[in-house]
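So you can see what is in the structure, the chains are spelled out below.
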Amino acid sequence: MLIGLTGGIGSGKSVISNELRKMGYAVYDSDKEAKRLILENEQVRKKMIGLFGKDVYRDGIYQTGLVAQQVFADSSLLAQLNAIVHPAVKEDLLRWSHAQMGLSKNQILFVECAILYQAGLDSVCEKVVAVTAPEEIRLARVVARDCTDINKVRARMRAQEVEKDIEKADILINNDGKKAIPTLCEEIVQQI
């Protein structure tokens, strides 16, 4: 059973994912795997070069800043980037989940993805868990974690547009700091 785990920046979904791993559950980190696929998947690399030019990889290193600068200036480029990366991540997730089902004694798997619905990964999940927290708490967490400006964090929150998708989730978990993370994870497992 594949369970989606989503939530906006600073909601604590990565902290929840790490605790689920400690509890023995396998968790697919879509951000980490997308970065891996951008570097290692030959089809993705060819498409990225076709879209952004050969400078997108300098000395074998993916130029995140170059891509970010271009896609934030041109929403059609962002859509084209997503059309390259999202299907590759979905295919990789399915391959991973099938392999995990054969290896794991625990038949509950998780996929962590901030943009689960936008990436179309909800379509392969049996249930979706949304991790939420009040905006002030999320802002404080990200400012402290990333040592960044609060206005930059607000801009990232707006860019993710995750809040409207939270209502679609099957399970809502409020990570406002009032309950311990292991307790929240137990609540998730009990509701699946």
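Rules used in this analysis
- Here the residue index of a chain counts from 1 through its sequence in written order.
- Thresholds applied to this predicted model are a pLDDT of at least 70 for local features of residues and 80 or more for the giving and counting of side-chain atom pairs; totals over whole chains, interfaces and linings are not thresholded and use all residues.
- Where side-chain values are given, they derive from all heavy atoms of the structure, hydrogens and water being excluded.
- At least two bridges found by DSSP between two strands is the condition for calling them paired.
- The helix and strand labels rest on DSSP assignments: H or I over at least four residues marks a helix, E over at least two residues marks a strand, and numbering proceeds from the N terminus.
- Axis geometry follows a simple rule: fit a line to the C-alpha atoms, using only the stretch in contact for helices, then measure angles between N-to-C directions, giving values from 0 to 180 degrees.
- Contacts are assigned to residue pairs with any non-hydrogen atoms lying within 4.5 Å of each other.
- One speaks of a salt bridge when a side-chain nitrogen belonging to Lys or Arg is within 4 Å of a carboxyl oxygen belonging to Asp or Glu.
- Using a 1.4 Å probe on the protein chains alone, a residue whose accessible area is under 20% of its type maximum counts as buried, one over 50% counts as exposed, and one in between counts as partly exposed.
- By this rule, a helix spans an expected 1.5 Å times one less than how many residues it contains.
- The directions from the helix axis to the C-beta atoms form the arc being described.

### Some words on the sheet that holds strand 2 (residues 26-29)
So, step 1. With respect to topology, 5 strands assemble into an open sheet ordered 2-5-1-6-7, the strand pairing being parallel. For this open sheet the edge positions go to strand 2 and strand 7 (171-174), each flanked by a neighbour on one side alone. With direction set aside, neighbouring strand axes in the sheet form an average angle of 25°.
So, step 2. Pairing of strand 1 (residues 2-6) with strand 5 (residues 109-112), which is carried by 4 bridges, proceeds in the parallel orientation. Among the inter-strand pairings, G4 is bridged to a residue of strand 5, identified as V111.
So, step 3. Of the strands in this sheet, strand 2 and strand 5 touch helix 2 (residues 30-40), which is tilted by about 55° from strand 2.

### Details of the pattern of salt bridges
So, step 1. Counted under the stated rule, the structure contains 6 salt bridges.
So, step 2. For R36, the salt bridge is made with E40, and the minimal N-O distance between the two is 3.8 Å. Pair noted here: R36 and E40 are both in helix 2, with a separation of 4 residues, about one helical turn.
So, step 3. R36 gets classed as partly exposed once you look at its relative accessible area, which sits at 27%.
So, step 4. Classification of E40 by relative accessible area gives exposed; the value is 56%.
So, step 5. Notably, a salt bridge pairs K179 with E187, separated by 2.6 Å at the nearest N-O pair.
So, step 6. A residue is classified by how much of its surface remains accessible, and K179, at 44% relative accessible area, is partly exposed.
So, step 7. Each of E33, R36, E40, E91, D92 and R95 takes part in a single network of salt bridges with overlapping partners.

### A few points about helix 6 (residues 135-146)
So, step 1. Over its 12 residues, helix 6 runs 16 Å from end to end, which matches the ideal 16 Å to within 8%, given 1.5 Å per residue.
So, step 2. Listed as buried for helix 6 are R138, L139 and V142. Burial along helix 6 is one-sided: seen end-on, the buried residues are contained in an arc of 100°. For helix 6, the exposed residues lying more than 90 degrees away from the buried face are E136 and A144.
So, step 3. Just downstream of helix 6 lies C147, where phi reads positive at about 50°.

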